[in-house]
Amino acid sequence: MKKTIYLFALLLVFAFASCGSKKTHETSKANNDSKVQEQQAAEVGSETVNLSDCDIVFFDNGKLSFYDSKKQTTTPYLFEKDSVVNCVFTQDNKLYYCVAVDDKIYLRSIDLEESSPRPQQLIDWGVPYEKCVTETYGTCSPLCYYAGRNMLGLWHEFSWDSYSLTEQKLYNINTEAITDWDWEQWEEEELAKAEEAEEEDHVAFVRDELSEYLSTIDSNYYLTDGLEPVCLTDQIEYRKYISDPDYYEGPEFEFVSSSPDNMKVLFMIILEWGDFPHGILCVSSIDGKTQIPLEDTDCTGFNAQWLDDGSLVYVGEEPLSPDDPDFDENWHYRAHCIKRILPDGTTEIIAHCGDFQMKSW
């Protein structure tokens, strides 16, 4: 039971990283819907912006920029004037996001199919913005999308018992109604769905199906689905990424995800423990020949997602030059940036900002 509770709490931590923004809000004046749109139209004019093919959105100090990963082009979004604190794509090619205005948090949307999409104000979530911010890392709740229910979720009310936000407001996209999350009812409904699927002999495709074949052997991580186990970490120098040798007791490994073609695996190498696990992420090919430690990441609060072409996009940090006065041989990074590891293993910086969200279909 303790292990289950721990894994649930840990999952919430990771969900905050993959769903939400790391940026705090910049307070701005509230405007009603019509005045906001009139002001934006006057300032931006009738400029046409095509965002329909963009599959990533970047956060930069509360501002949005859309990225087309195939064309590798970035389009700043100029129509939103308030500070964006989180967002999520939905299957109908819309972006739903929250803005912080004074101490309120509002839900808005952008229809990416429109020729020049403008923000649409939807609802006031009815909880103070400060209640949606964690007391650990000071990050805003993610905006979660439950596709099967066509609902959005906003977490609030931080608890030190679980080191996470514990309550959730739900927004029904179809009815525009807001309700409080009832986790017991939710759990019962999910269990019923799982049992129904099993009875129908329905097997859903799971992108992360490699996870059941991964195991730890002699302080290394192995893929064991063949005749001979394949080591995925024998090229990694673990001690290189330890902040305090006195706390090092050997690595632990946690599977995160596999690439769309199941040819690469993303996992955590946990080297130290505090309130949360700490270490680095690592990408390895399933033959073990390519092993890429993401040394500018941490096991807590990361955001890393796969593109359909097998690229991995993640939040990293820009390296400092050894000539920089702030350079430290043990910690030689500065501001956050968004990096893309291409299928051939090369890495490039695609944005100078702190976080991103990606379409997952």
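As a reminder, the structure under discussion sits directly above these lines.
Residues numbered from 1 in each chain as written. Predicted model: local features only at pLDDT ≥ 70, side-chain atom pairs only at ≥ 80, totals over all residues. Heavy atoms only, no water.

Thoughts on the overall build of the protein chain
Along its length, the protein chain carries 3 helices and 23 strands. The buried share of the protein chain, reckoned over its 361 residues, is 47%. For the protein chain, the exposed area adds up to about 18,800 Å²; of that, 48% sits on carbon and sulfur atoms. (Helix = DSSP H or I, 4+ residues; strand = E, 2+ residues; numbered from the N terminus. Buried < 20%, exposed > 50% of the residue type's maximum accessible area, 1.4 Å probe, protein only. Areas by Shrake-Rupley, 256 points an atom, 1.4 Å probe, with all protein chains shown as cover.)

Here's the deal with the packing of aromatic side chains
The geometry of two aromatic rings is summed up by the distance between their centres and the angle between their planes. Tallying each qualifying case throughout the model produces 14 aromatic pairs. Pairing Y77 with F79 gives two aromatic rings, centres 5.3 Å apart and planes at 65°, and the pair type is edge-to-face. Residue F79 is classed as buried on the basis of its relative accessible area, which comes to 1%. Plain terms: the ring middles of F253 and F267 are 6.4 Å apart, the flat faces sit at 70° to each other, and that makes the pair edge-to-face. (Phe/Tyr/Trp six-rings, centres within 6.5 Å; stacked < 30°, edge-to-face > 60°.)

Remarks on the sheet that holds strand β3 (residues 73–77)
If you trace the 4 strands from one edge of the open sheet to the other, you get β3-β2-β1-β23, paired in antiparallel fashion. In this open sheet, the two strands that pair with only one neighbour each are β3 and β23 (355–358). This sheet shows a mean twist of 25° between the axes of neighbouring strands, independent of strand direction. (Pairing = 2+ DSSP bridges. Axes fitted to C-alpha atoms, helices over the stretch in contact; angles between N-to-C directions.)

Structural notes on the sheet that holds strand β6 (residues 104–111)
Strand order in the open sheet formed by 4 strands is β4-β5-β6-β7, and the pairing between neighbours is antiparallel. Strands at the two margins of the open sheet, each flanked by one partner only, are β4 (83–90) and β7 (120–124). Taking the axes of each pair of neighbouring strands and ignoring which way they run, one obtains an average angle of 25° across the sheet.

Concerning the pattern of salt bridges
What the rule picks out here adds up to 7 salt bridges. Measuring nitrogen to oxygen at the nearest pair gives 3.8 Å for the salt bridge that ties D124 to K104. Taken as a pair, D124 in strand β7 and K104 in strand β6 lie far apart in primary sequence, 20 residues in all. What emerges from the salt-bridge pattern is a single network uniting E80, D82 and R108. (Salt bridge = Lys/Arg side-chain N within 4 Å of Asp/Glu carboxyl O.)

Observations regarding the nonpolar core
In this structure, C98, I105, L107, W125, L143 and L152 are the most contacted members of the largest nonpolar core, which totals 20 residues. Mapped by element, the contributors of at least two residues to this core are β4, β5 (94–101), β6, β8 (143–146) and β9 (151–159). By residue number, the principal contributor to this core is β5, which donates 3 residues. Of all hydrophobic cores here, the second largest spans 19 residues; its members include L51, F89, Y97 and Y106. (Core = buried A, V, L, I, M, F, W, Y, C linked by side-chain atoms within 4.5 Å.)

Overview of the side chain of D82
With respect to the helices and strands, the residue D82 is situated in the loop between β3 and β4. For D82, a relative accessible area of 5% puts it in the buried group. At 3.0 Å, the side chain of D82 forms a polar contact with the side chain of R108. (Polar contact = N/O pair within 3.5 Å; in protein donor to acceptor, adjacent residues only side chain to side chain.)

Remarks on a negative patch on the surface
Together, D182, E184, E187 and E188 make up a region of like negative charge exposed at the surface. Among the secondary structure elements, E184 is positioned in helix α3 (residues 183–199). (Patch = residues over 30% accessible without salt bridge, like charges linked within 9 Å, V, L, I, M, F, W, Y side chains within 5 Å. Lys, Arg positive; Asp, Glu negative; His and termini not counted. Charge placed at Lys NZ, Arg CZ, Asp CG, Glu CD.)

Side note on the pairing of strand β12 (residues 214–217)
When β12 meets strand β13 (residues 220–223), the two strands line up antiparallel, connected through 4 bridges. Pairing of S215 across the sheet is with Y222, part of β13. Turn length for the β12-β13 hairpin, with the two strands adjacent in sequence and antiparallel, is 2 residues, and the turn residue D218 shows positive phi of about 50°.

Such coordinate-based values are descriptive only and should not be taken to indicate function.
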